[in-house]
Amino acid sequence: EVQLVESGGGLVQPGGSIRLSCAASGFTFTEYWMNWVRQAPGKGLEWVANIDDFGRVKNYGESVRGRFTISRDNAENSLSLQMNSLRAEDTALYYCVRNRGYETFDIWGQGTLVTVSS
Amino acid sequence: QSALTQPASVSGSPGQSITISCTGTSRDIGTYNFVSWYQQYPGKAPQLIIYDVSNRPSGVSNRFSGSKSGNTASLTISGLRAEDEADYYCFSFGAAFGTGTEVTVV
């Protein structure tokens with residue numbers, strides 16, 4: 001079964017850091033670009049970042065550029081998101097998402113919740 | 001990248017057809033045939049239902065269809081059912097997610 005399982009979410013203070021992880025299984029991880037997409041409570045979807053299959057090309061949304069870093073470990077079939085200088089507006093459910101073709105998001109994890117609050 | 005514009009809500013009766021629009025620009029929808037649509041139930045992760053403007057992934061009902069004209073993409077749900085009540089989002093290469101549409105079956 002194709003599966004993405006996120007972990008690492010929690011409560012963090014403004015200005016703090018947190019690292020999210022995503023474990024992939026059921027498919028050849030090295031053949032796919034991967035993404036992080038977030039959804040603030042009661043709000044719509046926002047694309048956060050993506051990374052190519054080799055881990056060399058990385059793209060970020062404007063709201064997180066310079067603060068978040070996406071990475072992957074192909075030996076471990078895992079994706080990560082290092083989130084620094086967190087703000088209240090970063091509070092959201094963060095989804096790990098597989099890319100199919102040109103930015104088509106075909107497999108989604110269940111998400112991990114990050115809450116930024118003092 | 002700017003958000004694509006969708007109506008906040010669309011409603012219909014069981015058996016009817018409804019259409020959700022997704023408006024972008026000549027830099028995204030107007031240029032690329034890489035529009036996708038996602039269905040999201042409350043408390044659940046989104047699910048891909050249309051990709052590359054009009055293609056359905058395996059297992060998605062043929063009641064869902066997609067199209068594009070100029071800078072606007074559309075999702076049509078035919079034979080509306082109670083189970084179609086959900087939020088729907090579009091996405092285009094070169095842009096971002098749409099603002100989302102809540103579908104209600106009345």
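Cut-off values and rules
Position labels on residues start from 1 in each chain and follow its written sequence. Each chain gets a letter, beginning with A, and each ligand a number, beginning with 1, in the order they are written. Reporting of local features is limited, given that this is a predicted model, to residues whose pLDDT is at least 70; pairs of side-chain atoms are given and counted only at 80 or more, and all residues count toward the totals for whole chains, interfaces and linings. Computation of side-chain values: all heavy atoms of the structure, hydrogens and water removed. Here is the rule: rings of Phe, Tyr and Trp (six-membered ring for Trp) pair when centre to centre is within 6.5 Å. Planes less than 30 degrees apart are stacked, more than 60 are edge-to-face, and the remainder are tilted. For the purposes of this entry, the term helix denotes a DSSP run of H or I that reaches at least four residues, the term strand denotes a run of E that reaches at least two, and both are numbered from the N terminus. Burial classes follow relative accessibility: with a 1.4 Å probe on protein chains only, a residue under 20% of its type's maximum area counts as buried, one over 50% as exposed, and anything between as partly exposed. Only heavy atoms enter the contact rule, under which two residues are in contact if any of them lie within 4.5 Å. Take the accessible area each of two parts loses on contact, using a 1.4 Å probe, and add the two losses: that sum is the buried area. Just to be clear on terms, a salt bridge is a Lys or Arg side-chain nitrogen sitting within 4 Å of an Asp or Glu carboxyl oxygen. Pairs of N or O atoms are called polar contacts if they sit within 3.5 Å, as long as, within protein, a hydrogen donor faces a hydrogen acceptor (for residues adjacent in sequence, only side-chain-to-side-chain pairs).

## Structural notes on the packing of aromatic side chains
Inference 1: Per the counting criterion, the structure on display carries 14 aromatic pairs over all chains.
Inference 2: Between Tyr95 of chain A and Trp108 of chain A, the aromatic rings sit 5.6 Å apart at their centres with planes inclined by 80°, giving edge-to-face as the arrangement. Highlighted residues: Tyr95 of chain A in strand E9 (residues 92-100) and Trp108 of chain A in strand E10 (residues 104-108), separated in sequence by 13 residues.
Inference 3: Take Tyr95 of chain A: its relative accessible area is 1%, and that puts it in the buried class.
Inference 4: Exposure remark for Trp108 of chain A: the relative accessible area of 10% places this residue in the buried category.
Inference 5: Aromatic pair Phe105 of chain A and Phe91 of chain B: ring centres 4.9 Å apart, planes at 75°, arrangement edge-to-face. Taken as a pair, Phe105 of chain A in strand E10 and Phe91 of chain B in strand E7 (residues 86-92) lie in two separate chains rather than in one.

## Some words on the environment of Cys22 of chain B
Inference 1: Along the chain, Cys22 of chain B falls in strand E2 (residues 18-23).
Inference 2: With residues near it in sequence (within four places) discarded, Cys22 of chain B still touches Leu4, Thr5, Gln6, Ile29, Trp37, Asn71, Thr72, Ala73 and Cys90 of chain B.

## Section: the interface of chain A and chain B
Inference 1: Chain A puts 18 residues into the contact, and the matching count from chain B is 16 residues.
Inference 2: Carbon and sulfur atoms make up 61% of the surface buried where chain A meets chain B, a total of about 1,600 Å² over both sides.
Inference 3: One can count zero salt bridges joining chain A with chain B.
Inference 4: Put simply, chain A and chain B have five residue pairs in polar contact (both at pLDDT 80 or more) between them.
Inference 5: Looking at the side of chain A that touches chain B, the elements with two or more residues in it are strand E4 (34-39), strand E5 (45-51), E9 and E10 of chain A.

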